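# Overview (structure and organization)
Below, each chain spelled out in residue letters.
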Amino acid sequence: MGIDNARLRRRYELRLKKILVVGIVIGVVGGILPSIIVGKVRSSIQKKKYETEITSLTKEKEKLTKEAKAKKETVEAANLSVEKLSSEDSDWSLVLVNESHPLDTGYTPEVAAITEGQFVDARIQEETAKMLEDAAAEGLNMYVVSAYRDYETQRGVFNTTMVDWINQGYSPLDAYDETKKSVAVPGTSEHATGLALDIVSSTYDALDEQQAETAEAKWLAENCWKYGFILRYPVSKSDVTGIVFEPWHYRYVGKDVAKEIMEQNITLEEYLEQ
Ligand SMILES: [Zn+2]
């Protein structure tokens, strides 16, 4: 019996050891495995996060590069416009200034007065005066509402018009879009060149489509080219010019080009593309 007891105890002790070892193994594995798994999951989440961040940073970089490029192109175009306006050859009168062809905001032409308080590029003063005189000689009554406008003045006109739209209930964004249709965004106005004039009838001085019905507007539309002017924003051409029909806005381009443009019923944009 003594032997049996001793064997039993050894077996018991062995079993106890086994349980202990298994217990330790389970404890160790049970403790480490979850932390390994948690660590793996965590690092894969982290990796995803980094990947997302890198993607958004790359996108941001691309956007900034694109913006910088557009800005550079705008500045180059603006400089080019100034260069053209200041050139000695006849190209100066063909400078294109519109939403996609801004003019350097610092450009100041040499101006000459045409009527009280109204100035044009000195190079077109004679032709402009002649046009107004000839019209008057025909018994027409017209006057220049606006000619050369510097950047600040243009900004004032734009802001006033935008406030009008806002007061009519438009949101600032919509008001901006509406304003853009009839007033050039500062920096993109032809009035800053000194080559553009707004002329209205003394009997009807509103800047709207009805202006086209006045005897003065009709005479100007028919005769302006003889003095080197074109009706810059004709009816049904706003998709090309970006500006609504303005039967009062005249632009000097020189006699030959003016004749061609008015005869063909095209815009300056279309002429320059030919
Ligand atoms: Zn105008």
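Residues numbered from 1 in each chain as written. Predicted model: local features only at pLDDT ≥ 70, side-chain atom pairs only at ≥ 80, totals over all residues. Heavy atoms only, no water.

### Considerations on the coordination of the zinc ion
Here the zinc ion is held by the protein donor atoms His191 (NE2), Asp198 (OD), Asp198 (OD) and His249 (ND1), which lie 2.1 to 2.8 Å from it. Coordination at the zinc ion is irregular: its 4 donor atoms span angles of 51 to 151° at the metal. What makes histidine 191 buried here is its relative accessible area of 2%. Given the relative accessible area of 3%, histidine 249 is considered buried. (Donors = N, O, S within 2.8 Å, 3.2 Å for Na, K, Ca; no water. Tetrahedral: all angles 85-135°; square planar, octahedral: opposite > 155°, others 65-115°. Buried < 20%, exposed > 50% of the residue type's maximum accessible area, 1.4 Å probe, protein only.)

### Description of the domain arrangement of the protein chain
Partitioning the protein chain into domains gives domain 1 (1–85) and domain 2 (90–273). Using C-alpha coordinates to define each centre, domain 1 is positioned 65 Å away from domain 2. Between domain 1 and domain 2, the contact holds 8 residues from the first and 12 residues from the second. Buried surface at the junction of domain 1 and domain 2, summed over both partners, amounts to about 890 Å²; 70% is from carbon and sulfur atoms. For the pair domain 1 and domain 2, the interface holds 0 salt bridges. At the junction of domain 1 and domain 2, the tally comes to 2 residue pairs in polar contact (both at pLDDT 80 or more). Taken together, the residues of the side of domain 1 that touches domain 2 sort by class into 4 nonpolar, 3 polar and 1 charged. (Domains from an automatic or database assignment. Contact = heavy atoms within 4.5 Å. Buried area = accessible area lost by both parts, 1.4 Å probe. Salt bridge = Lys/Arg side-chain N within 4 Å of Asp/Glu carboxyl O. Polar contact = N/O pair within 3.5 Å; in protein donor to acceptor, adjacent residues only side chain to side chain. Nonpolar A, V, L, I, M, F, W, Y, C, P; charged D, E, K, R; others polar.)

### What to know about unusual backbone geometry
Of note in the backbone geometry, serine 236 takes a positive phi value of approximately 65° without being a glycine. Relative to the assigned elements, serine 236 resides in the loop between strand E5 (229–231) and helix H6 (238–241). Positive phi outside glycine occurs at asparagine 265, with the angle close to 55°. By the element assignment, asparagine 265 lies in the loop between helix H7 (255–264) and helix H8 (268–273). (Helix = DSSP H or I, 4+ residues; strand = E, 2+ residues; numbered from the N terminus.)

### Notes on the packing of helix H3 (residues 151–167) against helix H4 (residues 172–182)
Interaxial distance between H3 and H4 falls to 8 Å at its minimum, and their mutual angle equals 125°. Our classification of the angle between H3 and H4 gives oblique. Where H3 crosses over H4, the two elements pack in a sense that is right-handed. Here Phe158, Thr161, Met162, Trp165 and Ile166 of H3 lie close against H4, whose contacting residues are Pro172, Ala175, Tyr176, Glu178, Thr179 and Lys180. Each residue belonging to the contact of H3 with H4 can be placed in one class, and the counts come to 7 nonpolar, 2 polar and 2 charged. (Axes fitted to C-alpha atoms, helices over the stretch in contact; angles between N-to-C directions. Parallel < 35°, antiparallel > 145°, perpendicular 65-115°, else oblique. Left-handed = near helix turned anticlockwise from the far one by under 90°.)

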